[in-house]
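The residues making up each chain are set out below.
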Amino acid sequence: MGEQQEVKQQGGKGDTRVEPGMVRFELLHEDASGTKARRGRLHTPHGPVETPIFMPVGTVGSVKGVGPDDLLTLDAQIILGNTYHLMLRPGEALVGELGGLHRFVSWNRPMLTDSGGFQVFSLSGKRKITEEGAAFQSHLDGARHFLTPERSIDIQETLGADVIMAFDECPPSTEDRAYLEASLARTTRWLHRCVKAWSRERSSLFGIVQGGLHEDLRKRHAEEVCAVDLPGYALGGYSVGEAPEAMHDGVAYSAPLLPRDKPRYLMGVGTPVDLVTCVEHGVDMFDCVLPTRCARNGLLFTSEGKVVIRNAAYARDPRPVDPACACYTCRNFSRAYLRHLFAAQELLAMRLNTIHNLHYFLGLMAEVRRAVAEDRFAAFARDFRARARAQEAERTRGR
């Protein structure tokens, strides 16, 4: 177990002892080229995680399109599981009975589970929020469920992830201010309930800061959440409707509000430009379905820009997707073959495309870590964004 610390929780009565749990963040280096980028290491029971890091999303206990062997070859350091989906099917009790999520999915590296809050609140008309929790109907069979902060923590601890997330409400960043204020207050109260339910024996709890695009609300909520001494903190409610520039500005303001000596996790973000830009603002951890979802739809990320492999232009193209890429897909297969697989709706298309996209995202983060460690991240980020803009302009002209 981690070193015990005594903290005073705002909104509670007296002092509450909160043990930081089983993960520990080591801040290794801060960029000296004029950015807030950091190089760190998250120590977990299942091994270290080098940050900044991108975490592939394994919604139902599987990163879609690839197996654990592929992920190890890609050197994915940590993957996600989804509390909402796993509680519905196969159920956390079964996963616990079979040895926990790591054993269930045959993954011996670190794992993180979300709280289920985002999925519940995205159900719109199929859920109702109260002070006690969220009532909702399953998207699978319409069955009714009730998820509370305590229930979310219990599910995640039963799954046994290294990092678990506090149960929060995730309103769109564009929601009106009055609703955001009420939501933030409730999320803070829910955080204290999560802390009381957290056993600290198997998993480490991260708090989540909300607040939309309002700087004063972000600051207020960051103060409330960070008053509870936890192993890490996240920014939620970004990339849910606002323009990318607005999200970048919001993260630039919000990320430095989180403790310097704890990992900073930006949830649900994002594109390669998003990752580079938000590292520049001090974020350490990211997750997003983008690389795997795009792979299944035939959109591939390359050093030369995006490639829509389903296009007829690639039907006779003998080149690899990315001549500069060393992934299994690019070493062995042509664009013509990948286009053929996609047109034929072969399952292999999803695997090969996903291997490539994840290799691109994970390789990008390795480059990011090197640039930070070598104090040249400002130039790296500037050049990356300029190249991405030029590539996108060229792709748009070529349509």
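In this text, all values refer to a predicted model and were calculated from it rather than measured experimentally.

**What about the UniProt feature "active site" (unreviewed entry) in the protein chain?**
The UniProt record marks Asp114 and Asp287 with the feature "active site" (unreviewed entry), using the residue numbering of this structure. A compact arrangement is adopted by the annotated residues: their sequence extent is 174 residues, whereas the largest C-alpha distance between any two is 10.6 Å. Mapping Asp114 onto the fold places it in the loop between strand S8 (111–113) and helix H5 (117–121). Judged by relative accessible area, Asp114 falls into the buried class, the value being 12%. When you line up the elements, Asp287 lands in strand S16 (residues 285–287). The class for Asp287 is buried, based on a relative accessible area of 9%. Not counting residues up to four positions away in its chain, the partners in contact with Asp287 are Phe54, Met55, Val57, Leu80, Tyr265, Leu266, Met267, Gly268, Val269 and Gly270. In this structure the side chain of Asp287 is engaged in a polar contact, spanning 2.7 Å, whose partner is the side chain of Tyr265.

**Considerations on the domain arrangement of the protein chain**
Parsing the protein chain into structural domains produces domain 1 (24–287) and domain 2 (295–376). Taken over C-alpha atoms, the centre of domain 1 sits 27 Å from the centre of domain 2. Taken together, the 30 residues of domain 1 in the interface contact 20 residues of domain 2. On the domain 1 side of the interface with domain 2, the three residues burying the most area are Phe54, Leu74 and Pro272, jointly 28% of the side's total.

**Overview of the packing of helix H10 (residues 272–280) against helix H15 (residues 377–397)**
The geometry of H10 relative to H15 is characterised by a closest axis approach of 10 Å and an angle of 155° between their N-to-C directions. On the basis of their axis angle, the class for H10 and H15 is roughly antiparallel. The element H10 and its partner H15 pack so that their crossing is left-handed. Where H10 abuts H15, its residues Pro272, Val273, Val276, Thr277, Val279 and Glu280 lie against Phe377, Phe380, Ala381, Phe384, Arg385 and Ala388. In the contact of H10 with H15, the residues fall into 9 nonpolar, 1 polar and 2 charged.

About the thresholds
- Residues numbered from 1 in each chain as written.
- Predicted model: local features only at pLDDT ≥ 70, side-chain atom pairs only at ≥ 80, totals over all residues.
- Heavy atoms only, no water.
- UniProt positions renumbered as here; feature names shortened; annotations may be inferred.
- Helix = DSSP H or I, 4+ residues; strand = E, 2+ residues; numbered from the N terminus.
- Buried < 20%, exposed > 50% of the residue type's maximum accessible area, 1.4 Å probe, protein only.
- Contact = heavy atoms within 4.5 Å.
- Polar contact = N/O pair within 3.5 Å; in protein donor to acceptor, adjacent residues only side chain to side chain.
- Domains from an automatic or database assignment.
- Buried area = accessible area lost by both parts, 1.4 Å probe.
- Axes fitted to C-alpha atoms, helices over the stretch in contact; angles between N-to-C directions.
- Parallel < 35°, antiparallel > 145°, perpendicular 65-115°, else oblique.
- Left-handed = near helix turned anticlockwise from the far one by under 90°.
- Nonpolar A, V, L, I, M, F, W, Y, C, P; charged D, E, K, R; others polar.

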